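# Observations on the model geometry
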Amino acid sequence: MNARVFNIGLIIKVSVIILFMIIAFGIFKEVKAYTSEICDRSFVCRSVKIEKNDTLWSIAEEYYSAEYRDVAEYVDAIKEANNLRSDNIKAGNYIIVPYYTD
């Protein structure tokens, strides 16, 4: 009877280890695919002339990519790149727009 209990315990332990390895492999495979997608892209900056009716939001929507959580975060990145404290921009001026490209 002890041998039978030992075998069941061993089978449960081995099953848990195998299940853990399957889950871990799936997670790491997914993370690897996501990071390789991002790593293949280049970070660049462009000087953009502000046109009439342009806003930081409209410019951000034009250059937005998945490297940023959302457009609001990207607007903050553009503001930081240009040392802007407000959202006010003026037609005729230029701003630096950081973005990712293939």
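What comes next concerns the included structure. (Residues numbered from 1 in each chain as written. Predicted model: local features only at pLDDT ≥ 70, side-chain atom pairs only at ≥ 80, totals over all residues. Heavy atoms only, no water.)

### Examining the overall build of the protein
On a plain count of helices and strands, the protein comes out with three helices and two strands. Each helix and strand of the protein, ordered N terminal to C terminal, gives the series α-β-α-α-β. Within the span of the protein, comprising 102 residues, buried residues form 21% of the whole. Counting only carbon and sulfur atoms, one obtains 59% of the accessible surface of the protein, whose full area is about 8200 Å². (Helix = DSSP H or I, 4+ residues; strand = E, 2+ residues; numbered from the N terminus. Buried < 20%, exposed > 50% of the residue type's maximum accessible area, 1.4 Å probe, protein only. Areas by Shrake-Rupley, 256 points an atom, 1.4 Å probe, with all protein chains shown as cover.)

### Some details on the packing of aromatic side chains
Summed over all chains, the structure comprises five aromatic pairs. The interplanar angle of 40 degrees and the centroid separation of 4.5 Å between the aromatic rings of Y68 and Y74 together place this pair among those described as tilted. Accessibility assignment for this pair places Y68 and Y74 in one class, buried. Taken together, F43, Y64, Y68, Y74 and Y100 form an aromatic cluster joined through their ring pairs. (Phe/Tyr/Trp six-rings, centres within 6.5 Å; stacked < 30°, edge-to-face > 60°.)

### Some words on the nonpolar core
Ranked by internal contacts, the top residues of the largest apolar core, which has 15 residues, are A60, Y63, Y74, I78, I95 and V97. Other than its neighbours up to four places away in sequence, A60 contacts V71, Y74, V75 and I78. (Core = buried A, V, L, I, M, F, W, Y, C linked by side-chain atoms within 4.5 Å. Contact = heavy atoms within 4.5 Å.)

### Description of helix α2 (residues 56–63)
Those residues of α2 that fall on the buried side of the exposure criterion are L56, I59, A60 and Y63. Within α2, the buried residues cover an arc of 100 degrees as seen down the axis, which keeps them to one side. Against β1 (42–49), α3 (71–81) and β2 (94–101) lie the buried residues of α2. (Arc of directions from axis to C-beta.)

### Brief notes about unusual backbone geometry
At N53, a position not held by glycine, the phi torsion is positive, near 75 degrees. Within the element layout of this structure, N53 appears in the loop between β1 and α2. Taking the relative accessible area as the measure of exposure, N53 reaches 69% and is therefore exposed. The backbone phi angle of N83 is positive, close to 55 degrees, even though this residue is not glycine. Following the sequence through the fold, N83 ends up in the loop between α3 and β2.

### Some points on α3
For α3, every residue scored as buried is listed here: V71, Y74, V75, A77, I78 and K79. Residues of α3 that are buried sit in contact with α2 and β2. A distance of 3.3 Å separates the backbone nitrogen of A72 from a side-chain oxygen at the start of α3, and that oxygen is part of D70. Where α3 terminates, the next one or two residues include N83, which has phi positive at roughly 55 degrees. (Polar contact = N/O pair within 3.5 Å; in protein donor to acceptor, adjacent residues only side chain to side chain.)

Structural measurements only, silent on function.
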